[in-house]
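Summary of structural features
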Amino acid sequence: MNNTGTLMVTTPTDREIVLTRVFDAPRRMVFDALTKPELLMRWFGARGWNLVVCEVDLRVGGTWRFVSRGPDGTDLGHGGVYRVILPPDRLVYTELFDDQSYPGESLISHEFVEQDGRTTLTSTLLYASREGRDIVLSYPMKRGVAEGYDRLTEMLAEIQPR
Amino acid sequence: MSPGPDLLDGTFAALADPTRRAILARLASGEATVTELAAPFAMSQPAISKHLKVLERAGLVSRGRDAQRRPCRLEARPLRAATDWLENYRSYWGEGYRRLDTLLDELKAEEESAGDRRPGGHS
């Protein structure tokens, strides 16, 4: 597996987004980076977003609370409850955004698989409804293409004329 | 570039079929007639023509004016718009992951230098 650095985005069902990414590090390290506040503060966030508050009570039933600052300086709080904590294999927690930009709580499951010192992180984002999932999908371009096209990126690269 | 949603939907719908993708892959290496396109497929020319109509409607393929041959050629622009859209999508989520790459490199370096100071490695 030498696709380190390539993020795969797929939508296997109409309520899910699955993000897959290979990291050149052992999985205990990747697991730490997703659960230790001092590490989360250093990387977590989509484009233009950074963490300004990061509280983690890492036990089953424990809560987490992040405040993310966006590109225009707006703060957005989100948080949830840890459901499964199995270092370094699996991490599951709920997530709810303060602004309720999409309805309901989502469930986030991370699987960590290590091979030859590299970790494949598969993150499944399960939304309460298809509408919620589609709103999240529309964030990058403010529009809602919601169909799932597995491997479309690779396929497009193949037939893209030079 | 921000192509309209309808255009992108048309592009993605047209690309959702393996025969149509194979046709596009063939056209990426140069224009071809319907007969030439149909050759590698176990399909009638009318069936191939039907696929070509979908691709034409999506703006992915254009037909030449030559009444006899009407060669098909690939129109790259909608494909590029679709690729750009996906790239933007991936970079939106991917930025945090790239910061994580940097962090993990730093953690590995820290661990290695800690190991150097304390031979025998992990406790």
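Heads up: these notes are all about the structure in this document.

Criteria and thresholds
- Residues numbered from 1 in each chain as written.
- Chains lettered and ligands numbered in written order.
- Predicted model: local features only at pLDDT ≥ 70, side-chain atom pairs only at ≥ 80, totals over all residues.
- Helix = DSSP H or I, 4+ residues; strand = E, 2+ residues; numbered from the N terminus.
- Buried ≥ 20, exposed ≤ 12 C-beta atoms within 10 Å, placed from the backbone.
- Contact = placed C-beta atoms within 7 Å.
- Arc of directions from axis to C-beta.
- Pairing = 2+ DSSP bridges.
- Axes fitted to C-alpha atoms, helices over the stretch in contact; angles between N-to-C directions.

What follows is about the overall build of chain A. Counting secondary structure elements, chain A contains four helices and eight strands. Reading the helices (α) and strands (β) of chain A from amino to carboxyl end gives β-β-α-α-β-β-β-β-β-β-α-α. Relative to its full complement of 162 residues, chain A shows a buried share of 20%. Across chain A, contacts joining residues at least 24 apart in sequence account for 36% of those joining residues at least 6 apart.

This brings us to helix α1 (residues 27–35) of chain A. Buried within α1 of chain A are the following residues: R27, V30, F31 and A33 of chain A. End-on view of α1 of chain A: buried residues confined to an arc of 160°, all on one side of the axis.

This part takes up the environment of D89 of chain A. Inspection of the secondary structure assignment puts D89 of chain A in the loop between β5 (75–86) and β6 (90–97). Each C-alpha atom, one on D89 of chain A and one on V113 of chain A, is 6.9 Å from the other, the two residues being 24 residues apart in sequence.

Moving on, we come to the sheet that holds strand β8 (residues 118–126) of chain A. Residues and elements named next belong to chain A. In spatial order, the strands read β1-β2-β8-β7-β6-β5-β4-β3; together these eight strands make up an open sheet with antiparallel pairing. Looking at strand neighbours, the two that pair on one side only are β1 (8–10) and β3 (50–56), the edges of this open sheet. Pairs of neighbouring strands in the sheet enclose a mean axial angle of 20°, with direction left out of account. With nine bridges joining them, strand β7 (residues 106–115) and β8 adopt antiparallel strand pairing. Across the sheet, residue E111 finds its bridge partner in β8, namely T122. Each of β2 (16–23), β3, β6, β7 and β8 touches α1; the most contacted strand, β7, lies at about 155° to it.

Time to look at the pairing of β2 of chain A. All names here are of chain A. Alignment of β1 against β2, held across three bridges, turns out to be antiparallel. The residue bridging T10 from the neighbouring strand is V18, located in β2. Counted between consecutive antiparallel strands, the loop separating β1 from β2 contains five residues. Across eight bridges, β2 lies against β8 in antiparallel orientation. In the sheet register, L19 faces β8, and the bridge partner there is S123.

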